[in-house]
Amino acid sequence: MARIVMKFGGTSVADIDRIRNVARHVKREVDNGHEVAVVVSAMSGKTNELVGWTREASPMHDAREYDVVVSSGEQVTSGLLAITLQSMGVNARSWQGWQIPIRTSGAHGAARIEDIDGSDLVRRFGEGQVAVIAGFQGIGPDNRVATLGRGGSDTSAVAIAAGVNADRCDIYTDVDGVYTTDPRVEPKARRLSKIAFEEMLEMASLGAKVLQVRSVELAMVHKVRMFVRSSFEDPDAEGMGDFDNPPGTLICDEDEILEQEVVTGIAYSKDEAQISLRRLSDSPGVSAAIFGPLSDEYINVDMIVQNISEDGTHTDMTFTLPSGDVDKALGVLEKEKQNIGFDVVQSETGLVKVSVIGIGMRSHAGVAATAFKAMAEKGINIKAITTSEIKISILIDSEYAELAVRTLHSVYELD
Ligand code: ADP
Ligand code: ASP
Ligand code: MG
């Protein structure tokens, strides 16, 4: 007997038929004698609709009320799944974040889980009850509902797995694992049987939305055994209930992977923008004066490029950020103009960042050069570049996104 957390995403609970299918996956594990907690997302499209309504009501809405609205999708699916399980003879009840409770930080709309009291859940496992938990939500220090940022149900699932000491956390979604790149963009993408935490962290933070970044971080820190697998397969097909070797992708420590490729995957993120500050003073404290105020407004800046000054007095600075944050960032920079000291600010939206990721890069030369050559051959102009030990990111015009992903996928022999 083991303790398993099973998380089902939006497409997996999109309607009552799909929820019935999810219930069959849950029943399989219960019938195999396991203790089970289930975490559900809202029905696919629901959260977008709810977010849209809050914007329509008022673009400058109170984040606490935003959380009241957008957390409601998960309340619906948790109740529906509990009802469906009960109708199949499975002892189940639903839990909202505040009932467990899942304590979060006070950053409404992007809260972090700080603590989970798993004792009630564990006691009820002992009574043979399945917990069906609304993902994406918890309760803040102000005792109000708080949500975890888009895609946050993955994080709910891993945090609960850590909180109840589960043997495994299965993330069920609409693909049967983590692929070398988004299979919707490159049909030749291959499913990985394992991927290292560090690589998955990079893939997720660079745009592969199959897992929320924070969920991977938590799994790495708390040593949660995490699988990505499909809810769309027949719940009772051969091997689906195999405890040691379930179908899907295992996210694991690097040393569990015997044959490490140089490049593991390609990720992309759309809706990137760049902001350039021209003729900045080239003196200590300028970067702090720019990025401090942006960070105070929770604006996530990514690639930062600063020129070496030609004359020792002035320089240019360019950085990237999500397109949705551009107006806010421009507002902050205008307000800080005196303090920062620059001539003009320019911005461009509609960009995409494509990244090549692989732990094997640490010990191989020439990986970046291969990417640049491939882009040159396709006539794709690179606007900015950043690298780390295990990734290379390039910023390009969004019309070339798919072409760049497929080209890189093929030059690194991932097809
Ligand atoms: P859920 O609603 O189950 O949370 P998401 O839509 O958040 O599902 O994530 C699953 C999607 O992630 C897939 O449909 C796929 O298009 C996308 N995706 C992006 N990159 C990858 C990748 N490298 N491997 C697998 N899926 C990926
Ligand atoms: N329903 C939330 C979202 O769409 C959380 C999730 O699906 O993980 O972002
Ligand atoms: Mg998701």
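Located above this text is the structure these notes cover.
Residues numbered from 1 in each chain as written. Chains lettered and ligands numbered in written order. Predicted model: local features only at pLDDT ≥ 70, side-chain atom pairs only at ≥ 80, totals over all residues. Heavy atoms only, no water.

Visitor: Could you give an account of the side chain of Thr-84, with specific residues and numbers?
Guide: Looking at the secondary structure, you find Thr-84 in helix 4 (residues 72–87). Looking at Thr-84, its side chain comes within polar contact range of the main-chain oxygen of Leu-80, at 2.7 Å. (Helix = DSSP H or I, 4+ residues; strand = E, 2+ residues; numbered from the N terminus. Polar contact = N/O pair within 3.5 Å; in protein donor to acceptor, adjacent residues only side chain to side chain.)

Visitor: Quick rundown of the site of ligand 1? Include the residues and the values.
Guide: In the region of ligand 1, 17 residues are neighbours, and Thr-173, Asp-174, Tyr-179, Asp-182 and Arg-184 sit closest. A distance of 3.2 Å separates an oxygen atom of ligand 1 from a polar atom in the side chain of Lys-7. Between ligand 1 and Tyr-179 there is a distance of 2.9 Å, counted from a nitrogen atom to a backbone nitrogen or oxygen. In the complex, 90% of the free accessible area of ligand 1, which totals 570 Å², lies under the protein chains. The residue makeup of the shell around ligand 1, split by class, is seven nonpolar, five polar and five charged. (Near = heavy atom within 4 Å. Areas by Shrake-Rupley, 256 points an atom, 1.4 Å probe, with all protein chains shown as cover. Nonpolar A, V, L, I, M, F, W, Y, C, P; charged D, E, K, R; others polar.)

Visitor: Explain the sheet that holds strand 2 (residues 35–40) to me, using residue names and the numbers behind them.
Guide: The strand order across the open sheet built from eight strands is 3-6-2-1-9-11-12-10, with neighbouring strands paired in mixed fashion. Looking at which strands have only one partner, the edges of the open sheet turn out to be strand 3 (92–95) and strand 10 (194–196). Sheet twist, expressed as the mean angle between neighbouring strand axes with direction ignored, is 20 degrees. As paired elements, strand 9 (residues 168–173) and strand 11 (residues 226–230) share five bridges and run parallel to each other. When the bridges of strand 11 are listed, Thr-173 appears paired with Ser-230. (Pairing = 2+ DSSP bridges. Axes fitted to C-alpha atoms, helices over the stretch in contact; angles between N-to-C directions.)

Visitor: Now, about the packing of aromatic side chains: what can you tell me, with residues and values included?
Guide: A full pass over the atoms with the stated rule returns two aromatic pairs. Centre to centre, the rings of Phe-8 and Tyr-172 are 4.6 Å apart; their planes meet at 20 degrees, and the pair counts as stacked. Placement of Phe-8 in strand 1 (residues 3–8) and of Tyr-172 in strand 9 is noted, with a sequence separation of 164 residues between them. This pair shows no difference in class: Phe-8 is buried, exactly as Tyr-172 is. For the pair Phe-291 and Phe-319, a centre-to-centre distance of 5.3 Å together with 75 degrees between the ring planes defines the contact as edge-to-face. (Phe/Tyr/Trp six-rings, centres within 6.5 Å; stacked < 30°, edge-to-face > 60°. Buried < 20%, exposed > 50% of the residue type's maximum accessible area, 1.4 Å probe, protein only.)

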